[in-house]
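Inside the fold
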Amino acid sequence: MLGILHQFLDLKTLIWLLPIIFIFHDLEEIITIESSMTAHKGNYPKTNFVKLTIRMREKLGSTAAQLAVSASWILLITSFIALMTARFSFNGGSFLLFTAILNLFILQAFMHIVQTIMFRGYTPGILTSLFLLIPYCLLTYYFLAEYGQMDWPLIFTSFLVSLILIPINLVGNLLGRYFIR
């Protein structure tokens, strides 16, 4: 089945799909964040994980407008990385930043799954995580390996770079809280 995909997709197309997949995912979050938090306020299980998640969401921004500012910041970074990867990676450049962003996307998708399980219900972003983000990331990892662009040193280094990108992406949340009060 994956061989059939080679007829329709190549690595460069997958690189350019990165910001598009991200924006679809974040649109689901932006559209549903406020109604989800309002509809389930007080109905969540009283576990420490749920309490921590709700506190973090409130501190990082829980309105659609705040999330939109944050998503814009991350989209800017993601688009820049996709542009640089598409431009330079096939001429001897590296897929390091691209792979690091993929790592963050797959981590975020799994966090949505964990939150959905812990909250025992819909959480904003779960649908696109299951049907867009995870399949896209797995397919892209496969294509990177298939084209010989991913090896163990790159994987290890990309995880370290992903850790550096987390606070850079969180700047978007701070911008959302600063500009939208």
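This section reports on the structure supplied with the text. All of these numbers come straight from a predicted model, not from anything done at the bench.

The next subject is the packing of aromatic side chains. Taken as a whole and assessed by the stated rule, the structure comprises four aromatic pairs. Judged by centre distance (5.6 Å) and plane angle (15°), the ring pair of Phe-22 and Phe-105 falls under stacked. Of this pair, Phe-22 sits in helix α2 (residues 11-39) while Phe-105 sits in helix α5 (residues 96-119), placing them 83 residues apart in sequence. The class of Phe-105 is buried, set by a relative accessible area of 4%. Ring geometry for Tyr-142 and Phe-143: centres 5.7 Å apart, planes at 80°, overall edge-to-face.

Core analysis: the biggest nonpolar cluster contains 34 residues, and Leu-18, Phe-98, Leu-102 and Tyr-136 have the highest contact counts within it. When contributions to this core are tallied by element, the ones reaching two or more residues are α2, α4 (64-88), α5, α6 (126-146) and α7 (152-179). Not counting residues within four places of it along the chain, the set of residues in contact with Phe-98 comprises Leu-14, Ile-15, Leu-18, Ile-81, Thr-85, Tyr-136, Thr-140 and Leu-144. Core analysis: the second largest hydrophobic core is formed by five residues, Ile-30, Ile-33, Leu-67 and Ala-71 among them.

Moving on: the environment of Leu-154. Among the structural elements, Leu-154 can be located in helix α7. Overall, Leu-154 belongs to the buried group, its relative accessible area being 11%. Residues Leu-154 and Ser-94, 60 residues apart in the sequence, show an inter-C-alpha distance of 8.8 Å. Excluding anything up to four places from it in sequence, Leu-154 contacts Ser-94, Phe-95, Leu-96, Thr-99 and Gln-149.

Conventions used here
Residues numbered from 1 in each chain as written. Predicted model: local features only at pLDDT ≥ 70, side-chain atom pairs only at ≥ 80, totals over all residues. Heavy atoms only, no water. Phe/Tyr/Trp six-rings, centres within 6.5 Å; stacked < 30°, edge-to-face > 60°. Helix = DSSP H or I, 4+ residues; strand = E, 2+ residues; numbered from the N terminus. Buried < 20%, exposed > 50% of the residue type's maximum accessible area, 1.4 Å probe, protein only. Core = buried A, V, L, I, M, F, W, Y, C linked by side-chain atoms within 4.5 Å. Contact = heavy atoms within 4.5 Å.

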